[in-house]
There are 2 protein chains.
Amino acid sequence: MDVQELMRELHQGSESKIVMLVADGLGGLPIEKGGQTELGTASTPNLDALVKDNTCGLMTPVLPGITPGSGPGHLGLFGYDPLKYQIGRGVLEALGVEFELGPNDVAARGNFCTVDENEIIIDRRAGRISSEVGIRLVEKMKSIQVEGVELFLRHVKDYRFVAILRGEGLGGDVHDTDPGAIGKAPLSPTAAVPQSERTAELFREFIKQAGEVLKDEHPANMLTLRGIARRPNIPTMEEVYGLKSVAVAVYPMYRGLARLVGMTVLTEVQDTAQQLGALRKNWDAFDFFFVHYKYTDSTGEDGYFAEKVRQTEIVDGMIPGILELNPDVLVVTGDHCTPSKLKSHSWHPIPVLLAADTCRPDGVEQFNETQCIYGGLGQFESRFLMPLALAHAGRLQKFGA
Amino acid sequence: MDVQELMRELHQGSESKIVMLVADGLGGLPIEKGGQTELGTASTPNLDALVKDNTCGLMTPVLPGITPGSGPGHLGLFGYDPLKYQIGRGVLEALGVEFELGPNDVAARGNFCTVDENEIIIDRRAGRISSEVGIRLVEKMKSIQVEGVELFLRHVKDYRFVAILRGEGLGGDVHDTDPGAIGKAPLSPTAAVPQSERTAELFREFIKQAGEVLKDEHPANMLTLRGIARRPNIPTMEEVYGLKSVAVAVYPMYRGLARLVGMTVLTEVQDTAQQLGALRKNWDAFDFFFVHYKYTDSTGEDGYFAEKVRQTEIVDGMIPGILELNPDVLVVTGDHCTPSKLKSHSWHPIPVLLAADTCRPDGVEQFNETQCIYGGLGQFESRFLMPLALAHAGRLQKFGA
């Protein structure tokens, strides 16, 4: 039995409040053997005080050795098996520009490219044109009409955009048109399964018209499509857990992921500094609060160890304000590790701290990767975090008599 | 989704090298409560130095409480779910005499036995005849011809041999013919499923002829067949992981297990002393090196605690030579535990050490069973060792966007 099936059966009403503070990319590595990680280096008096009286552990985001993208990382945190619910690149790109994907939408990531007079790709990224140029070209393409469906186009960044088809009966299994190398012509969209034949045909029509629109441009005189995918059919947090949930996130992609699982998104939150106020203001209206902090990840991606340390300390500084609201359960963790040493996401287990009145002490006195090995939560897959949070919030009935 | 499906999807090319040093039967028990295990007693300065800067843990070979044979033990290490890929006794016996099983082969373990004038078994092991006698009898049986298939016979040891049928459309589900007790006649081979009817018939014909060949012998005047099985259809390490892999093993069974998963076997390695040289000589030609050391298991099986300690120290002595080759990932572990106290394989979790530049420190300073409890890898199933090794070797792409 799937754990979410159990959740549907066992969840019960409660006045309790759960806050999940996600420091994106939390958890790292020492630069040199024998050194400290970013979290081990950071001064985190509030987190340390919290872990001392509560419980911690380490979470495997997907499976041992698997490095997740942001999509699977967050789905796991929200209790959705990331191997069961896979989010296509096109869908994630649409979420990233805060496009509200509907159930009939198929999204593709688009790249402008340069082709020669024989329609052979000579630059897969069209000389990395600026966002200014990219925006103009996307606007120009909005003249395209594909019969029988609605077409939406949104610029993302530089040479990247997203193309969405909306209509009944579309399929998400269409192969990429990017041949993956220069010296080849863009591929024609082809369906991987019969149910996606029509979608492939619609994208072929779109590309044909786009070629006309772009033919006199330079260097962006053609495009390729990748990661064509439907919005996955995901049950909401309310359906699974009975939780009214809300996202207090600044970045579009994390808001989009929250929307995918049915969370309300506080779109008025434009800045990290507004997060605590928004949390306080919406405290009575929701049961579950997803608070997302981006910069522990982006500094890790950039390889800035010292800056990731400082961002971790900023996360620590958010704790007292959250505790003032007196949540029944406070979880602090990440969606995956982003060690500055690797300048990328990694597969290492993520430190996690759970604070509630029902925590059993585990003797850990500092919130860092090494100490979390000794935590009372042990090592577990992220998808079990939600059941643990619900249990500590008094939101799960007994299983069986 | 199976983890090996993920591996097929995520593996990427790399120049990195992975060495997996398997000390067979590593991990044991103290003889008396309060004492040390074999690994805890052994002086292992090289392993201790390695664990200090890297990471360790404990592996469950199959599931908690399950004691594996060598087959499932090694399949787990190579990342194959031992519950999914089961190796019949006959197949293992054929591997153990280095018979190269093909995809159309069905193998059975044979035992010589003694029957009386009414064909009732009076000794299931034919008085444990010597290998000398066994070899002669197997040679004599080579006159047997079974129509429509090739028959191969190999002596194993004492009263044991292996019989292999090779032909199209054979099935591996045929019941044992050993009735399991004296005072009964050998059973006739019967198929457990319709697809194995013909195979059962072919083995009946073989047994009929063997009865003729052996009838004037004493005490080995009949035989029984057990563990009749086809070679399992296992994808290769190259297919699953994209790894060119090689086995540096002395004993035929481990070479055979390596061949089952598509490894090249360095057949010129005849002795433990030749292993390091063979590793060095083949360093450029492969990505993954399975180095197998037998005597930590056999001394455990024999119940020689002190000798197992000494063999463990020999394994420790192999470390500097391996490190000179500068592998990107070095794994040191066992396929199962063989506590001298039990004189057999056991279900206890196996100590495992993983050394790579991307290891997170875990505070462990000695490589032994007790310290490994506190290792950063936690406790996990053996089949996740390969994903971890690949991740640390930079051979896995990110999952999802």
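Fair warning: this is a prediction, and the values are worked out from it, not measured in the lab. (Residues numbered from 1 in each chain as written. Chains lettered and ligands numbered in written order. Predicted model: local features only at pLDDT ≥ 70, side-chain atom pairs only at ≥ 80, totals over all residues. Heavy atoms only, no water.)

Visitor: Is there a simple way to think about the relation of the copies chain A and chain B in this case?
Guide: Mapping one chain copy onto the other needs a rotation about an axis and a shift along that axis. For these two chains of identical sequence, chain A goes onto chain B by a turn of 123° and a shift of 0.0 Å along the axis, with RMSD 0.2 Å. Put plainly, the chains are arranged around a three-fold axis. Minimal C-alpha separation from the rotation axis in chain A is found for Tyr374 of chain A, amounting to 4.0 Å. Little of the interface of chain A is mirrored in chain B: 3% of its interface residues are interface residues there too. (Least-squares fit on C-alpha atoms with pLDDT ≥ 70 in both. Contact = heavy atoms within 4.5 Å.)

Visitor: Please clarify how the sheet that holds strand S2 (residues 55-60) of chain B should be interpreted in this entry.
Guide: Sheet strands associate in pairs through backbone hydrogen bonding, adopting either a parallel or an antiparallel arrangement. Residue and element names in this part refer to chain B. Pairing in this open sheet of eight strands is mixed, and the strands run S9-S8-S10-S1-S11-S12-S2-S13 from one edge to the other. Whereas interior strands pair on both sides, the edge strands pair on one side only; in this sheet they are strand S9 (264-265) and strand S13 (378-381). Of the pairings in the sheet, the one linking S2 to S13 comprises four bridges and is parallel in character. By the bridge assignment, Gly57 is partnered in S13 with Gly378. Packed on one face of the sheet, helix H12 (residues 305-324) meets strand S1 (18-23), strand S10 (288-293) and strand S11 (329-333) and runs near 170° to S1. (Pairing = 2+ DSSP bridges. Helix = DSSP H or I, 4+ residues; strand = E, 2+ residues; numbered from the N terminus. Axes fitted to C-alpha atoms, helices over the stretch in contact; angles between N-to-C directions.)

Visitor: I would appreciate a short explanation of the domain arrangement of chain A in the present structure.
Guide: Interface extent is often summarised as the accessible area lost during association of the parts. All names here are of chain A. Domain assignment breaks chain A into domain 1 (3-85 + 234-392) and domain 2 (91-230). With centres defined by C-alpha atoms, the gap from domain 1 to domain 2 works out at 34 Å. Counting residues at the interface gives ten residues for domain 1, matched by six residues for domain 2. Summing both sides of the interface, domain 1 and domain 2 together bury roughly 660 Å²; the carbon and sulfur share of this comes to 66%. For the domain 1 face of the interface with domain 2, the top three residues by lost area are Pro252, Met253 and Arg259, together amounting to 63%. On the surface where domain 1 and domain 2 come into contact, there are three salt bridges. Between Glu100 and Arg259 there is a salt bridge, with the nearest N and O atoms lying 3.7 Å from each other. (Domains from an automatic or database assignment. Buried area = accessible area lost by both parts, 1.4 Å probe. Salt bridge = Lys/Arg side-chain N within 4 Å of Asp/Glu carboxyl O.)

Visitor: I tried to follow the pattern of salt bridges on my own but got confused; where do I start?
Guide: Two side chains of opposite charge can pair, provided their charged atoms sit close to one another. All names here are of chain B. Overall, the coordinates contain 32 salt bridges over all chains when judged by the stated rule. For Glu93, the salt bridge identified is with Arg160, shortest N-O distance 2.9 Å. Here Glu93, found in helix H5 (residues 89-96), pairs with Arg160, found in strand S6 (residues 160-166); they are 67 residues apart in sequence, far enough to count as distant. Under the relative-accessibility criterion, Glu93 is labelled buried at 4%. A residue is classified by how much of its surface remains accessible, and Arg160, at 22% relative accessible area, is partly exposed. (Buried < 20%, exposed > 50% of the residue type's maximum accessible area, 1.4 Å probe, protein only.)

Visitor: What is the right way to look at the nonpolar core in this model?
Guide: The nonpolar side chains of a soluble globular protein tend to be buried, and buried together. Ile66 of chain A together with Met7, Tyr80, Met237, Met263, Phe288 and Phe290 of chain B are the most contacted members of the largest nonpolar core, which has 67 residues in total. Per-element tally for this core: the top contributor is helix H14 (residues 385-392) of chain B, with six residues. One finds Leu95, Leu101, Ala249 and Cys359 of chain A within the second-largest nonpolar core, a separate group that totals 56 residues. (Core = buried A, V, L, I, M, F, W, Y, C linked by side-chain atoms within 4.5 Å.)

Visitor: Is there a simple way to explain the pairing of strand S12 (residues 350-356) of chain A in this structure?
Guide: Residue and element names in this part refer to chain A. Of all seven residues in S12, seven are buried; the element is thus mostly enclosed. Burial along S12 is two-sided: Ile350, Val352, Leu354 and Ala356 and Pro351, Leu353 and Ala355, pointing in opposite directions, are all buried. With five bridges connecting them, strand S2 (residues 55-60) and S12 associate as antiparallel partners. Directly across from Thr55, in S12, lies its bridge partner Leu354. Note: strand S11 (residues 329-333) against S12, four bridges, orientation antiparallel. Across the sheet, Val329 pairs through a bridge with Ala356, a residue of S12.

Visitor: Could you clarify how one ought to interpret the side chain of His292 of chain A in this entry?
Guide: Here His292 of chain A lies in strand S10 (residues 288-293). Excluding residues within four positions of it along the chain, His292 of chain A makes contact with Val22, Asp24, His74, Val248, Ala249, Tyr254 and Gln275 of chain A.

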